[in-house]
Amino acid sequence: MSYVQEVITNLNKKYSQQPEFIQAVSEVLLSLESTIKQDENFYRKHRVLERLIVPERIIEFKVTWIDDNQNIQVNTGYRIQHSSVLGPYKGGLRFHANVNQSVLKFLAFEQTFKNALTGLPLGGAKGGSDFDPKDKSDTEIMNFCQHYMSELYKYIGPNIDIPAGDIGVGAKEIGYLFGHYKKLTNRFEGVLTSKGLSYGGSLGRTEATGYGVIYMLEEVLKQKNDKIENKVIGVSGSGNVAIHAIEKALELRAKVVTASDSNGWILDNDGIDLGILKEIKLKKRQRLSEYVNHKPSALYFSNNDLWKTPVDVFIPCATQNEVTLDDAIDMVTNKVKLVIEGANMPLTNEAVGYLQSHGVVYVPGKASNSGGVLVSGYEMSQNASKITWSFEEVDSKLREKMIEMVKDMNRVMDPEYPNNYLKAANVLGFKKLAEALISQGV
Ligand code: NDP
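1. Concerning the side chain of Glu40
Among the secondary structure elements, Glu40 is positioned in helix H3 (residues 40-45). Exposure remark for Glu40: the relative accessible area of 19% places this residue in the buried category. Those residues within four positions of Glu40 in sequence are excluded, and the remaining contacts are Ser2 and Tyr3.

Shown next, in the form of structure tokens:
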């Protein structure tokens, strides 16, 4: 049995209760199989795969808080410090009802590879809680954030572990978390990124992930003598990543026709009106179904048929496993040309395999959504040197880096499979991580 197959078999036995973690790791290992086979004895001797897969530390804790009705609430808080091989732990916090160890372990594992690919000196981590801020008042959110930080602060620091936002953790939550960290430690320091501009945040961080996806899309198309202008694009999600991906796509004269939330999706064949979308989602924090009240010619559906929309490019920006094999079959039937991920692992492994085997260009999130962590890295640099960069400076650095990453992936691309960005991204991350891991001893 090959080393990769042996590790995947053991993984399935040991972590059978953690399907997302198994899925993320298997996807990476299978794409690395031919690379590892070239030096199988060496990697096996050093147990490189096992050492890269198992998180260095898993922190799990109870978060008890009191809601507006004076009821006691109990949630579970986590921080998965996956790898510090390349630098201090870095990765977002997710507050969502479906957060559990498996979800956070997959996200932390992906983050380690993503951070390695960006070239930043950062390790990988992820954290969060099964607390869902959606139906909570501001006081409840603040209350929860403070109790969550009361435990988390023991394990983080600007040179130890630097969390950021993710699903359910936006500017408001980061502010409450930062304020409480400062109170507990008596230190004003860059312990979190995605901070507000008035207290050490970076211009361009809010936009970075969505913009970065579009900069990468633009470059991938350019390498194929194509351009983004006039492309019809289907986006899922309507949160931070989706809205800023839509914004940049519109600026570059593409037409975006869909968006979604966890209740349903909209189809606007005239092209999504960003002003209406921002008003509903960012200003009023309403459900997406409101969109059709502002624009009656658009359609709202509460089914999962978004992926049946005929488009040139899909950009899934909501959550993991939102695109299944059946959806991928629909995409191919409708002649989609390219799928680039804004979310983390939005496609099942079967969906990825189907798209790739049918000639659809697929760009994995660990490359395409890395704009967020890149600008978080820039936020850390600005905090450390106590200077502020302009929006234009941050944005042009982001764009350059997204373009450079496409060129890096092209350099290691298997000539037999010139569109396999998944393998290229994983090989680049793996080689860097393996070398650093072995150099640092057992
Ligand atoms: P937000 O919380 O801002 O938005 C999430 C969006 O996805 C919302 O529209 C939400 O709808 C929808 N969504 C969430 N969970 C589900 C679900 N189970 N089913 C259907 N829809 C769902 O998060 P972000 O935009 O920040 O993150 C989106 C994705 O991008 C995540 O995978 C995240 O890990 C990834 N990402 C984010 C980065 C960042 O900088 N923010 C960086 C890199 C990756 P609803 O409002 O109904 O819940």
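2. Brief notes about the packing of aromatic side chains
Taken as a whole and judged by the stated rule, the model has 18 aromatic pairs. Ring geometry for Tyr15 versus Phe21: centroids 5.3 Å apart, planes at 85 degrees, classification edge-to-face. For the pair formed by Tyr15 and Phe21, the shared burial category is buried. Aromatic pair Phe109 and Phe113: ring centres 5.1 Å apart, planes at 45 degrees, arrangement tilted. Linking Phe109 with Phe113, this pair stays in helix H5 (residues 101-118), spanning 4 residues, or about one helical turn. A relative accessible area of 1% places Phe109 in the buried class. With a relative accessible area of 2%, Phe113 lands in the buried category. Three or more aromatic residues link up through ring pairs in this structure, and these residues are Phe61, Trp65, Phe95, Phe131, Phe144 and Tyr148. Sitting over the ring of Tyr211, Lys248 keeps its end group 4.5 Å from the ring centre. The ring centre of Trp389 lies 4.7 Å from the NZ or CZ of Lys397, which sits over that ring.

3. Structural notes on the sheet that holds strand E1 (residues 57-66)
The sheet built from 5 strands is open, its strands ordered E1-E2-E4-E3-E5 with mixed pairing. Since the sheet does not close on itself, it has two edges, and those belong to E1 and strand E5 (161-164), each with one partner. Ignoring which end each strand starts from, the neighbouring axes of this sheet average 20 degrees apart. With 10 bridges connecting them, E1 and strand E2 (residues 72-83) associate as antiparallel partners. From the neighbouring strand, Trp65 faces E2, where its bridge partner is Gln73. Where helix H6 (residues 138-152) meets the sheet, it contacts E1, E2, strand E3 (89-95), strand E4 (124-129) and E5, and its direction lies at approximately 140 degrees from that of E1.

4. Section: the packing of helix H15 (residues 371-385) against helix H16 (residues 391-411)
Two numbers describe how H15 lies on H16: the axes approach to 10 Å, and their chain directions differ by 135 degrees. Our classification of the angle between H15 and H16 gives oblique. Crossing hand, H15 versus H16: right-handed. Only Val394, Lys397, Leu398, Lys401, Met402 and Met405 of H16 make contact with H15, whose side of the interface consists of Gly371, Leu374, Val375, Tyr378 and Gln382. Broken down by class, the residue content of the contact of H15 with H16 amounts to 7 nonpolar, 2 polar and 2 charged.

5. Details of the site of the ligand
Taken together, 25 residues lie near the ligand, and Lys134, Asp166, Thr209, Ser262 and Arg287 sit nearest. For the ligand, an oxygen atom lies 2.9 Å from a polar atom in the side chain of Arg94. Backbone polar atom of Ser238 to an oxygen atom of the ligand: 2.9 Å apart, as the coordinates give it. At the level of elements, helix H8 (205-223) and helix H9 (240-251) are the ones that each hand at least two residues to the shell around the ligand. Taken together, the residues that form the shell around the ligand break down as 5 nonpolar, 13 polar and 7 charged. A domain-level breakdown of the shell around the ligand finds at least three residues from each of domain 2 (55-189) and domain 3 (206-368).

6. Things to note about the domain arrangement of the chain
Examined at the domain level, the chain breaks down into domain 1 (3-52), domain 2 (55-189) and domain 3 (206-368). The gap between the C-alpha centroids of domain 1 and domain 3 is 31 Å. Contacts between the two partners involve 6 residues from domain 1 and, on the opposite side, 8 residues from domain 3. The contact between domain 1 and domain 3 buries some 520 Å² in all, and 43% of this surface belongs to carbon and sulfur atoms.

Here is what the cut-offs are and how they apply
Residues numbered from 1 in each chain as written. Predicted model: local features only at pLDDT ≥ 70, side-chain atom pairs only at ≥ 80, totals over all residues. Heavy atoms only, no water. Helix = DSSP H or I, 4+ residues; strand = E, 2+ residues; numbered from the N terminus. Buried < 20%, exposed > 50% of the residue type's maximum accessible area, 1.4 Å probe, protein only. Contact = heavy atoms within 4.5 Å. Phe/Tyr/Trp six-rings, centres within 6.5 Å; stacked < 30°, edge-to-face > 60°. Lys NZ or Arg CZ within 6 Å of the ring centre and 35° of its normal. Pairing = 2+ DSSP bridges. Axes fitted to C-alpha atoms, helices over the stretch in contact; angles between N-to-C directions. Parallel < 35°, antiparallel > 145°, perpendicular 65-115°, else oblique. Left-handed = near helix turned anticlockwise from the far one by under 90°. Nonpolar A, V, L, I, M, F, W, Y, C, P; charged D, E, K, R; others polar. Near = heavy atom within 4 Å. Polar contact = N/O pair within 3.5 Å; in protein donor to acceptor, adjacent residues only side chain to side chain. Domains from an automatic or database assignment. Buried area = accessible area lost by both parts, 1.4 Å probe.

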